[in-house]
Amino acid sequence: MASTQIVQAEGARIEVITHGKAARPTRASLVALACGGGSVLAKLSWPVAEMQMRGYGESVEVSKGRWNSGAPRLSDHVGDIDSVFNHFKLERPVLLGYSHGGYFATAYALANPARVAGLILVEPALFNSRDELLLRARLAREAGSEESMKSMLRHVQPSIGMNEGRAAKTAKVLLKNVRNADTLANEFLVRAENPISEDDLAGLKMPVLLVGGTKSHASYTVTKLARILPSASLWWVRDVEHLELLAESVSQQLSPVIDSFVAGLK
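Residues numbered from 1 in each chain as written. Predicted model: local features only at pLDDT ≥ 70, side-chain atom pairs only at ≥ 80, totals over all residues. Heavy atoms only, no water.

Attention now goes to the pairing of strand β3 (residues 30-33). Burial along β3 is two-sided: the residues Leu-30 and Ala-32 and Val-31 and Leu-33 are all buried. Where β3 and strand β4 (residues 48-51) come together, 4 bridges link them in parallel fashion. The residue of β4 that forms the bridge with Leu-33 is Met-51. Pairing analysis gives 4 bridges linking β3 to strand β7 (residues 94-98), with the strands arranged parallel. Note that in β7 the partner of Val-31 across the bridge is Leu-95. (Buried < 20%, exposed > 50% of the residue type's maximum accessible area, 1.4 Å probe, protein only. Helix = DSSP H or I, 4+ residues; strand = E, 2+ residues; numbered from the N terminus. Pairing = 2+ DSSP bridges.)

Quick look at the nonpolar core now. Ranked by size, the top nonpolar core spans 57 residues in total, and within it Leu-95, Leu-119 and Leu-201 carry the most contacts. Counting residues per element, this core draws most heavily on helix α2 (residues 100-111), at 6 residues. Look past the residues within four positions of Leu-95 in its chain and what remains in contact with it is Val-31, Ile-81, Phe-85, Ala-105, Tyr-108, Val-116, Gly-118, Leu-119 and Ile-120. Grouped together as the second largest cluster of nonpolar side chains are 24 residues, Leu-30, Ala-32, Val-48 and Leu-254 included. (Core = buried A, V, L, I, M, F, W, Y, C linked by side-chain atoms within 4.5 Å. Contact = heavy atoms within 4.5 Å.)

A few words on the pattern of salt bridges. In the structure shown here, the tally under the stated rule is 15 salt bridges. Close ionic contact of Arg-138 with Glu-142 constitutes a salt bridge, the shortest N to O distance being 3.3 Å. With Arg-138 and Glu-142 both in helix α3 (residues 130-142) and 4 residues apart, the pair spans about one turn of that helix. Notably, a salt bridge pairs Glu-146 with Lys-172, separated by 3.0 Å at the nearest N-O pair. Here Glu-146 is found in helix α4 (residues 145-156), whereas its partner Lys-172 is found in helix α6 (residues 164-174), with 26 residues between them in sequence. Glu-146 gets classed as partly exposed once you look at its relative accessible area, which sits at 25%. A relative accessible area of 49% means that Lys-172 is categorised as partly exposed. Among the charged side chains, a network of salt bridges with common partners joins Glu-146, Glu-147, Lys-150, Glu-164 and Lys-172. (Salt bridge = Lys/Arg side-chain N within 4 Å of Asp/Glu carboxyl O.)

In an α-helix, one full turn covers 3.6 residues, which means residues spaced three or four apart are oriented alike. For helix α7 (residues 181-193), with 13 residues, the first-to-last C-alpha span of 18 Å sits near the 18 Å given by 1.5 Å per residue. A side-chain oxygen of the first residue of α7 lies 3.2 Å from the backbone nitrogen of Asp-182; this N-cap is Asn-180. (Expected span 1.5 Å × (residues − 1). Polar contact = N/O pair within 3.5 Å; in protein donor to acceptor, adjacent residues only side chain to side chain.)

The next thing to look at is the side chain of Ser-59. Within the fold, Ser-59 resides in the loop between β4 and β5 (60-63). Given the relative accessible area of 0%, Ser-59 is considered buried. A distance of 2.7 Å separates a polar side-chain atom of Ser-59 from the backbone nitrogen of Glu-15.

Under the defined criterion, the tally for this structure stands at 2 aromatic pairs. A ring pair is formed by Phe-85 and Tyr-108, whose centres lie 5.2 Å apart and whose planes are at 70°; its orientation type is edge-to-face. Residue Phe-85 is found in helix α1 (residues 74-87), and its partner Tyr-108 is found in helix α2; the two are separated by 23 residues along the sequence. Owing to a relative accessible area of 0%, Phe-85 belongs among the buried residues under this scheme. Looking at Tyr-108, the relative accessible area reads 0%, which means it is buried. With 4.8 Å between their ring centres and 90° between their planes, Tyr-103 and Phe-104 make a pair best called edge-to-face. Like Phe-104, Tyr-103 is buried. Over the face of the ring belonging to Phe-127 we find Lys-224, whose NZ or CZ atom lies 4.3 Å from the ring centre. (Phe/Tyr/Trp six-rings, centres within 6.5 Å; stacked < 30°, edge-to-face > 60°. Lys NZ or Arg CZ within 6 Å of the ring centre and 35° of its normal.)

Note that all results are geometric; they support no functional claim without further evidence.
In structure tokens, the structure reads:
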């Protein structure tokens, strides 16, 4: 059963949801970013701490106990992951990131390789152009969160993103976990101003599990990473697109693979 608690970070309160058949927060062996509900995470044999980034769910940036609309930096997000590790007394957990969470998980692993036993990257958002990210940030600021999210959908899942009605409906669902337009704009700006290069990625020496969907328009991210990363294995989830990769319907395919990867690191 999942449980929720708030972890105090430097200048923020971070929501953490614990999952897993063996879920015991003080022994969590996998920390997850941006996983959207934990349907796959709940099936794992390992305890999981799923953290919400600043501006998502109940995670908020604070100044003297109040919401602060200032833009968090990449170092703030990296510090939040450190705070979760420290709160649960984790020495070298596995770090899992989905989509934009994959960017922040990778950034953390590059900055703190000794603190991470391995990475699980589920179609991580690592190869967006700076111009595309700046466009999404501008749309969030000028036209609102929904327009920015629809721009993202056109990129990662054209089967939805190119249909105005479906895109608007899907965007509304995805935005339920987002505090405001500034949250999206700031996230895109952080990624635009802090690109992770192929040379950076080639320096990752830890084991990495790459996960992609066979019908996903964003699957190029995992095939490209498989060529770059020196210690990567690759798993395809059959017949799914990007937004379905961690859904309940794929848990029977994916949960055993993640279990096996984590077990191999222990």
